[in-house]
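Take a look at the letters that make up each chain.
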Amino acid sequence: CAIFISTLHHLSNKQIDKILTKAVRLIKKIIIVIDLNPDTDFVRKFLINNDRGEFVRTTEEKFQILNKFGEVLKIEHFNTGLASQTGIIIKPKI
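Attention in this report is confined to the structure presented alongside it. (Residues numbered from 1 in each chain as written. Predicted model: local features only at pLDDT ≥ 70, side-chain atom pairs only at ≥ 80, totals over all residues. Heavy atoms only, no water.)

**Some points on the overall build of the protein chain**
In plain terms, the rule: Segments assigned H or I by DSSP are reported as helices when at least four residues long, segments assigned E as strands when at least two residues long, and all are numbered from the N terminus. Just to be clear, the radius of gyration here is over C-alpha atoms, and the globule rule we use is 2.2 Å times residues to the power 0.38. Using a 1.4 Å probe on the protein chains alone, a residue whose accessible area is under 20% of its type maximum counts as buried, one over 50% counts as exposed, and one in between counts as partly exposed. Contact definition: two residues touch when any of their heavy atoms are within 4.5 Å.
When helices and strands are tallied, the protein chain shows three helices and four strands. In the protein chain, the succession of α and β elements from N to C terminus is β-α-β-α-α-β-β. The C-alpha radius of gyration of the protein chain comes to 13 Å, within 12% of the 12 Å expected for a compact globule of 94 residues. With the principal axes as the frame, the protein chain shows a C-alpha extent of 40 × 25 × 20 Å. Across the 94 residues that make up the protein chain, the buried fraction comes to 37%. Long-range pairs, those at least 24 residues apart, make up 66% of the contacts in the protein chain between residues at least 6 apart in sequence.

Shown next, in the form of structure tokens:
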């Protein structure tokens with residue numbers, strides 16, 4: 001199992017591709033990705049807009065990137081304190 005928490009919005013698509021290409025070679029069960037969800041209320045959106053991450057993506061954009069590396073088993077949105085998050089579970093391609 002590999003878990004990426006609040007990292008995708010700091011990485012370009014090219015960097016994600018490089019990391020996940022290596023991860024799917026090593027991980028056989030699941031990869032869990034939790035990252036900012038920009039589709040949220042005003043306060044949380046304000047905080048996201050002021051985050052240092054330059055690559056905040058919509059759920060669809062995350063899906064398009066992650067789907068290349070395996071089957072997306074589940075997508076769920078939730079709030080953690082003042083952060084709005086999207087959780088994505090992927091079964092890596094073997």
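Next comes the rest of the account.
**Things to note about helix H1 (residues 13-26)**
Applied cut-off: By definition here, a helix of n residues has an expected span of 1.5 Å times n minus one. The directions from the helix axis to the C-beta atoms are what the arc is built from.
Taking 1.5 Å of rise per residue, the 14 residues of H1 would be expected to cover 20 Å, and the 20 Å separating its terminal C-alpha atoms lies within 8% of that figure. Among the residues of H1, Ile16, Leu20, Ala23 and Val24 are the ones counted as buried. Taken around the axis of H1, the buried residues stretch over an arc of 95 degrees, which confines them to a single face. When the buried face of H1 is taken as reference, the exposed residues oriented beyond 90 degrees from it are Lys14, Lys18, Arg25 and Leu26.

**Let's talk about the side chain of Gln85**
Structurally, Gln85 can be placed in strand S4 (residues 83-92). According to the relative accessible area criterion, Gln85 is buried, its value standing at 6%.

**Topic: the environment of Ile65**
If you trace the backbone, Ile65 turns up in helix H3 (residues 59-66). The spacing of Ile65 and Leu20 is 45 residues in sequence and 9.8 Å in space, taken between C-alpha atoms. If near-sequence neighbours (up to four positions away) are discounted, Ile65 is found in contact with Asn13, Ile16, Asp17 and Arg57.

**Quick look at the nonpolar core**
For the record, the criterion: Throughout this description, the term nonpolar core refers to a set of buried Ala, Val, Leu, Ile, Met, Phe, Trp, Tyr and Cys residues connected via side-chain atoms within 4.5 Å.
Counting 17 residues, the largest nonpolar core has Phe4, Ile16, Leu20, Ile31, Val33, Leu66 and Ile90 as the members making the most contacts within it. Elements with a minimum of two residues in this core: strand S1 (2-5), H1, strand S2 (31-36), H3 and S4. It is H1 that provides the largest number of residues to this core, a total of four residues. Those residues in contact with Ile16, other than ones at most four positions away along the chain, are Leu8, Leu11, Arg57 and Ile65.

**Concerning the pairing of S1**
So the rule is basically this: Every crossover in which the path from the first strand over the helix to the second runs clockwise, viewed with the strands pointing away from the viewer, is termed right-handed.
Burial along S1 is one-sided: Ala2 and Phe4 are buried, and none of Ile3 and Ile5, which face the opposite way, are. Between S1 and its parallel partner S2, the chain crosses via H1, and the hand of that crossover is right-handed.

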